[in-house]
Amino acid sequence: MKEQESTDVLVVGGGIAGCAAALSGARDGADVTLATKARRPEDASTWWAQGGIAISRDDPEQFKQDIIDASAGTADPDAADVLVENANDAVRDVLVETLEVPFDTAGDTDEDFDFGREAAHDEDRILHVDASTGTYVLERFLAFVDDHPDIRVRDDTAALDLITHEGEVRGAYLESDGEVWPVFAGATVLATGGIGDLYPASTNPTGSTGDGIAMAALAGADVADMEFVQFHPTVYVEDGETLLISEAVRGEGAILRNDYGERFMPAYDEAAELAPRDVVARAVKRERQLSGEVYLDVSPVDFADRFPDLREQCERRGIDWESGIPVQPAQHFLCGGVTVDDRGRTSLDRLYAAGECAHTGVHGANRLASTSLLEGLVWGLRTGQAAVGRDPAPMDVPALDDRDPSLPDSFAREKFTRLRRVMNEYVGIERNPAELDRALGVLRRLKGEVDSYARTRTSRSLYELRNASVVALLVARAAAENDESVGTHNLIEPDAPLAE
Ligand code: SIN
């Protein structure tokens, strides 16, 4: 085992939430270590965020109301207030002034922003850079934290487990290049992103195995709303590879058509293509069952000029976008996660969480478009501040020796395939109690098999598999325990008839 290290604040994760926590912790005088298992910026979900980042324009109350309406009334109004009230200052301070993100403009000045529209928003309020907003934000953020004298960035470095002592978290075991060592921290901030690896088709990058949620849950932290898994309705999927077609394209007027060429969304919701995401995802799934394919008809939009990056991505994949882009729902975002308060504090002392792995309550049962970067930024900044002020408390810990780092590739592959199949079949867009019960049985057995290996080995891929199996069980259990169909948790009768 390598020598132990100490730091004031240990941030685990290198997306927008982790970078924001590192920035604000360092601004408040902390010495920060940011560990990310990402090898490249593309390994973080932030990189792939297309639509943009919503802010309050003239009517913050309406923004809050849109968040609540999109969540089918389940979003926590106090959390929504925190998001809306802090949105503009956070975006101005960090994204516009510090990082100088080149948001698209509509007029002559740098600040005459070209606000975009997305589903379930009452007005145009999305700041964006083409449809590659996350890429521009993350490139600049990573460069900033890399250059910061008080932030030590360790990439290709995974957190395997939290170090706990009498109900408080003292840091984490980190792993890089097969070596494992303890890092003691005054505070540990989890910002590990989503759970896309639990599903066969996801817009998340590979490696989204719910690490922070699993580590926190195993350490005894509270989690909430784990059943609310959001599926994005318009994703091009080929051989398991995904290309998200941003909601901004529908915001500009693109139309969904079934295989018969019929526009179907008005029959499902009066807001048609701009209905909340869960509604559109279910409709797309149904229409694919009824007719075969569903296409996004981009002919009402100046697609080539307004979305040049997406057009290029389509052409690179040989998609004839002028004839309509074939789309289907794919896993996109987890609305639940590790329970935190308005400063990112979890139920365990010295443990914090921000971004997708955290449950702030803002999203309730269904997230409003273009609020995930914003939540990561706002809560990341607040969490980083709150995490400052405690000295690390090193202690004697057992070595996590590399007793046998080798793991047959086929073991992890086979378990992941089974896990994804179960999640997709039984814990996907539509669920029913009997299938959820079945999923629980399979997932419990699978976790048992993985655990028996995890006790003797420390390879990163095994920990990812362990984390995925822990989180899959949390999702399935929460879904089985919630008998109310709401937002992304959609219960159906096993033999429900298809929509007329
Ligand atoms: C999109 O561009 O459609 C995704 C935006 C989001 O998930 O908020």
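Residues numbered from 1 in each chain as written. Predicted model: local features only at pLDDT ≥ 70, side-chain atom pairs only at ≥ 80, totals over all residues. Heavy atoms only, no water.

Trainee: Would you mind showing me how to read the site of the ligand here?
Mentor: Every residue close to the ligand is listed here: Gln50, Gly51, Glu118, His232, Leu244, Ser246, Glu247, Arg277, His332, Arg367, Ala369 and Ser370. Residue His232 places a side-chain N or O atom 2.7 Å away from an oxygen atom belonging to the ligand. For the ligand, an oxygen atom lies 2.6 Å from a polar atom in the backbone of Glu247. Here the ligand loses 95% of its free accessible area of 260 Å² to cover by the protein chains. Taken together, the residues of the shell around the ligand sort by class into two nonpolar, six polar and four charged. (Near = heavy atom within 4 Å. Polar contact = N/O pair within 3.5 Å; in protein donor to acceptor, adjacent residues only side chain to side chain. Areas by Shrake-Rupley, 256 points an atom, 1.4 Å probe, with all protein chains shown as cover. Nonpolar A, V, L, I, M, F, W, Y, C, P; charged D, E, K, R; others polar.)

Trainee: Which parts of the structure should I look at to understand the environment of Glu111?
Mentor: In this structure, Glu111 sits in the loop between helix 4 (77–98) and strand 4 (126–127). Expressed as a C-alpha distance, the spacing of Glu111 and Gln62, which sit 49 residues apart in the sequence, is 22 Å. Filtering out sequence-adjacent residues up to four positions away, Glu111 remains in contact with Arg92 and Val96. (Helix = DSSP H or I, 4+ residues; strand = E, 2+ residues; numbered from the N terminus. Contact = heavy atoms within 4.5 Å.)

Trainee: How should I be thinking about the sheet that holds strand 15 (residues 337–339) in this particular structure?
Mentor: Sheet strands associate in pairs through backbone hydrogen bonding, adopting either a parallel or an antiparallel arrangement. Within the open sheet, the three strands sit side by side as 9-15-17. Their pairing is mixed. The strands lining the two open edges of the sheet, one partner per strand, are strand 9 (223–224) and strand 17 (358–359). Of the pairings in the sheet, the one linking strand 9 to strand 15 comprises two bridges and is antiparallel in character. By the bridge assignment for strand 15, Val223 is matched with Val338. (Pairing = 2+ DSSP bridges.)

Trainee: Any chance you could explain the environment of Val301 here in plain terms?
Mentor: In this fold, Val301 is placed in the loop between strand 13 (294–297) and helix 10 (303–306). Relative accessible area serves as the criterion here: at 11%, Val301 is assigned to the buried category. Along the sequence, Val301 and Ser56 sit 245 residues apart, while their C-alpha atoms lie 25 Å from each other. With sequence-adjacent residues up to four places away left out, Val301 is seen in contact with Val249, Glu252, Gly253, Ala254 and Phe307. (Buried < 20%, exposed > 50% of the residue type's maximum accessible area, 1.4 Å probe, protein only.)

Trainee: How do you make sense of the nonpolar core when you look at a structure like this?
Mentor: The nonpolar side chains of a soluble globular protein tend to be buried with one another. Ranked by internal contacts, the top residues of the largest apolar core, which has 123 residues, are Leu95, Phe141, Leu377 and Val427. Sort the elements by how many residues they give to this core and helix 15 (residues 460–481) lands first, with 12 residues. If near-sequence neighbours (up to four positions away) are discounted, Leu377 is found in contact with Ile16, Ala20, Ile53, Ala90, Val91, Val94, Leu95 and Phe141. (Core = buried A, V, L, I, M, F, W, Y, C linked by side-chain atoms within 4.5 Å.)

Trainee: Can you walk me through a negative patch on the surface in this structure?
Mentor: A contiguous patch of negative charge, built from Asp58, Asp59, Glu61, Asp69, Glu85 and Asp122, is present on the exposed surface. By the secondary structure assignment, Glu85 is in helix 4. (Patch = residues over 30% accessible without salt bridge, like charges linked within 9 Å, V, L, I, M, F, W, Y side chains within 5 Å. Salt bridge = Lys/Arg side-chain N within 4 Å of Asp/Glu carboxyl O. Lys, Arg positive; Asp, Glu negative; His and termini not counted. Charge placed at Lys NZ, Arg CZ, Asp CG, Glu CD.)

Trainee: What should I look at first to understand the sheet that holds strand 10 (residues 229–238) in this one?
Mentor: What the five strands build is an open sheet, ordered 11-10-14-13-12; its pairing is antiparallel. Looking at the sheet topology across the chains shown, the edges are occupied by strand 11 (241–244) and strand 12 (255–258). Shown here is a sheet whose adjacent strand axes are inclined to one another by a mean of 55°, direction ignored. Of the pairings in the sheet, the one linking strand 13 to strand 14 (residues 325–334) comprises three bridges and is antiparallel in character. Bridging across to strand 14, Tyr295 finds its partner in Pro326. (Axes fitted to C-alpha atoms, helices over the stretch in contact; angles between N-to-C directions.)

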